[in-house]
Amino acid sequence: MIERSGSVLVANIGELVTNDPERGDGSPLGLCRDAALVAADGRVAWIGPAAGAPAADTAIDAGRAAVLPGFVDSHAHLVFAGDRAAEFAARMAGEPYTGGGIRTTVAATRAAGDEALRATVTRLRAEALRQGTTTIEVKSGYGLTVTDETRSLRLAREVTEETTFLGAHVVPTEYAGRSDEYVDLVRGEMLRSAAGHARWIDVFCERGAFDEAQAEAILRAGAAAGLGLRVHANQLGPGPGVRLAVALGAASADHCTHLSTMDIEALAGSSTVATLLPGAEFATRSRYPDARALLAAGVTVALATDCNPGSSYTSSMPFCIALAVREMRMSPAEAVWAATAGGARALRRDDVGRLAVGGRADLALLDAPSHLHLAYRPGVPLVRRVLHNGVPIT
Ligand SMILES: [Zn+2]
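Residues numbered from 1 in each chain as written. Predicted model: local features only at pLDDT ≥ 70, side-chain atom pairs only at ≥ 80, totals over all residues. Heavy atoms only, no water.

Here's the deal with the overall build of the chain
Of regular secondary structure, the chain possesses 13 helices and 16 strands. In summary, the chain has a C-alpha radius of gyration of 20 Å against a globular reference of 21 Å for 394 residues, a match within 12%. Looking at the chain residue by residue over its 394 residues, the buried ones come to 58%. Considering only contacts within the chain whose residues lie at least 6 apart along the sequence, 70% involve residues at least 24 apart. When the accessible surface of the chain is totalled, it reaches about 14800 Å², and 52% of it is carbon and sulfur. (Helix = DSSP H or I, 4+ residues; strand = E, 2+ residues; numbered from the N terminus. Rg over C-alpha atoms; globule rule 2.2 N^0.38 Å. Buried < 20%, exposed > 50% of the residue type's maximum accessible area, 1.4 Å probe, protein only. Contact = heavy atoms within 4.5 Å. Areas by Shrake-Rupley, 256 points an atom, 1.4 Å probe, with all protein chains shown as cover.)

Okay, structure coming up:
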């Protein structure tokens, strides 16, 4: 619910994460102590010492707590029907994850009316916002027909500008054994219908989904239609996805769980972000990506939820930060940066994921004195207040 607009002063901030290394302590997080911030017209208008803060129409007292840029969740699948709680329970009892359950959600999504799908995407967007996610990417990929992919993107656009056409999520049942024909549909009629509703195109390049040649054909067609590129790469095993993403200049290669030294070198020498999705490893009880190897090589790392009903049904960026620290040995500072500035890089945005004058006034106010608590107090709802486009959300 929107309270009001006008200028807003966030006063008495104990620790402000700016992600501007020119500010504060000079670290990548650009930590400022005893700070204040003013938002006006949806943008950050002023940042400085708490004692020198100018007046504004509304004031929020941070009570010496930590404030950080709103999370940028650069990978989510929110347009679907049904859930797969039973599949999750079976997996926890020992069944392996194969990705085949996507087809279950496809059947439910096709059968659902627009209102049911809209209710789900709206509910999940609100759930994420309450937890501090101010920018979220939303993919199609559970329709897999021209009509259902297009309507998925139309509904996604109602909640975000960061929409991604994922017609190449999996080969639908009716095209079993005819995957090349399905690829022709995706890069032809389906792309023509979907492109106007999407900013990005994505492909699940994996054994059992789309091979390298198919993925490349789809991505090249998407680029020709004016869409930016993203790739689901190297999740379930080694493969060509990461190197294809780099070769085609994709904004992001997502998952990056099974990487060779060559894959890491390719990412390090590129503008392609490695987006890690530890919620998927958590919910499929799989091994986690080697974040330390990526960071040591100088790769830009983002963290995202992969929110979807099968392999990672969480919308919580704080949970992903806690997993990244506990399971992937990222420092809390690295994880917070990856969940904010890293996500912005993965979406090629410079107006979000950091707090700087002129940038979007998207921020999360914590019920904690430091960003460290996001990993230190896992599972606790630490996001107390959110400003989205400069507007306090309640
Ligand atoms: Zn995904």
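So much for the structure itself; the text now carries on.
Quick word on helix α6 (residues 212-224)
Between its first and last C-alpha, α6 extends 18 Å over 13 residues, near the 18 Å set by a 1.5 Å rise per residue. Those residues of α6 not exposed but buried are Q214, A215, I218, L219, A221 and G222. Looking straight down α6, one finds that the buried residues subtend no more than 160° of arc, so they occupy a single side. Exposed side chains of α6 directed beyond 90 degrees from the buried face belong to A213 and A224. Against β8 (162-168), α5 (179-194), β9 (200-205), β10 (228-233) and α7 (241-247) lie the buried residues of α6. The N-cap residue of α6 is D211: its side-chain oxygen and the backbone nitrogen of A213 are 3.2 Å apart. A positive backbone phi angle near 95° is found at G226, which sits one or two residues after α6. (Expected span 1.5 Å × (residues − 1). Arc of directions from axis to C-beta. Polar contact = N/O pair within 3.5 Å; in protein donor to acceptor, adjacent residues only side chain to side chain.)

Focus: the packing of α5 against α6
Close contact between α5 and α6 brings their axes to 10 Å; oriented N to C, the two are set at 5°. By the angle between their axes, α5 is roughly parallel relative to α6. Contacts between α5 and α6 pair S179, D180, V183, V186, R187 and L191 from the former with Q214, A217, I218, A221 and G222 from the latter. When grouped by side-chain class, the residues that make up the contact of α5 with α6 number six nonpolar, three polar and two charged. (Axes fitted to C-alpha atoms, helices over the stretch in contact; angles between N-to-C directions. Parallel < 35°, antiparallel > 145°, perpendicular 65-115°, else oblique. Nonpolar A, V, L, I, M, F, W, Y, C, P; charged D, E, K, R; others polar.)

As for the packing of helix α4 (residues 146-157) against α5
Direction vectors running N to C along α4 and α5 enclose 40°, while the axes themselves pass 9 Å from each other. By the angle class used here, α4 and α5 are oblique. Of the two possible hands of crossing, α4 and α5 adopt the one that is right-handed. The segment α4 lies against α5, with V146, E149, T150 and L153 engaging L185, E189, M190, S193 and A194. Partitioned by chemical class, the residues of the contact of α4 with α5 number five nonpolar, two polar and two charged. (Left-handed = near helix turned anticlockwise from the far one by under 90°.)

Considering the environment of W200
Among the structural elements, W200 can be located in strand β9. For W200 and L227, which are 27 residues apart along the polypeptide, the C-alpha to C-alpha distance reads 4.8 Å. Not counting residues within four places of it along the chain, the set of residues in contact with W200 comprises E162, T163, T164, F165, L227, G228, L229, R230, A251, A346, L347 and R348.

So, the pairing of β8
Strand residues, when the strand is regular, have side chains that alternate between the two faces of the sheet. Most of β8 is tucked away: seven of the seven residues are buried. Here strand β7 (residues 133-139) pairs with β8 via three bridges, running parallel. Across the sheet, the residue bridging to K139 is T164, located in β8. In terms of strand pairing, β8 meets β9 through three bridges, oriented parallel. In the sheet register, T164 faces β9, and the bridge partner there is W200. Remark: the β8/α5/β9 crossover connection has right-handed handedness. (Pairing = 2+ DSSP bridges. Right-handed = clockwise from strand over helix to strand, strands pointing away.)

Quick look at the coordination of the zinc ion
Distances from the zinc ion to its protein donors, namely H75 (NE2), H77 (NE2), H232 (NE2) and D306 (OD), fall within the range 2.0 to 2.4 Å. Taken together, the four donor atoms coordinating the zinc ion and their angles of 83 to 165° define a geometry best described as irregular. Residue classification places H75 among the buried residues on the basis of a relative accessible area of 0%. Overall, the relative accessible area of 3% leaves H232 in the buried class. (Donors = N, O, S within 2.8 Å, 3.2 Å for Na, K, Ca; no water. Tetrahedral: all angles 85-135°; square planar, octahedral: opposite > 155°, others 65-115°.)

Some points on α5
Taking 1.5 Å of rise per residue, the 16 residues of α5 would be expected to cover 22 Å, yet its terminal C-alpha atoms sit only 20 Å apart, more than 12% below that figure. A maximum bend of about 35° is found in α5 at V186. For α5, the full list of buried residues reads Y182, V183, L185, V186, G188, M190, L191 and A194. Contact partners of the buried residues in α5: α4, β8, β9 and α6. (Bend = angle between axes of the 7 residues up to and from the residue.)

Considering the nonpolar core
Counting residues in each nonpolar core, the largest one holds 94 residues, and the members touching the most others are F165, Y182, F210, L303, I321 and M330. The leading source of residues in this core is α5, at seven residues. The residues touching Y182, leaving out its near neighbours within four places in the chain, are L144, G167, V170, V171, P172, Y175, M190 and F210. Within the second largest apolar cluster, 19 residues are counted, among which are V8, V10, C32 and A35. (Core = buried A, V, L, I, M, F, W, Y, C linked by side-chain atoms within 4.5 Å.)

A few points about unusual backbone geometry
One non-glycine residue with positive phi stands out, namely D34, at about 50°. Topologically, D34 is positioned in strand β2 (residues 31-40). Positive phi, normally seen in glycine, also occurs at R64, with a value near 70°. Looking at the element boundaries, R64 is found in the loop between β4 (58-61) and β5 (66-69).

Here's the deal with the packing of aromatic side chains
Per the counting criterion, the structure on display carries five aromatic pairs. Arranged with centres 5.8 Å apart and planes meeting at 75°, the rings of F80 and Y313 form a pair that is edge-to-face. Taken together, the residues F80 in the loop between β6 (71-73) and α1 (85-92) and Y313 in the loop between β13 (301-303) and α11 (317-328) connect sequence positions 233 residues apart. Measuring from centroid to centroid gives 5.2 Å for Y175 and Y182, while their planes differ by 55°, and the two rings are tilted. Judged by relative accessible area, which is 17%, Y175 ranks as buried. You can call Y182 buried: its relative accessible area is 0%. Three or more aromatic residues joined by ring pairs form one cluster here, namely F80, Y142 and Y313. (Phe/Tyr/Trp six-rings, centres within 6.5 Å; stacked < 30°, edge-to-face > 60°.)

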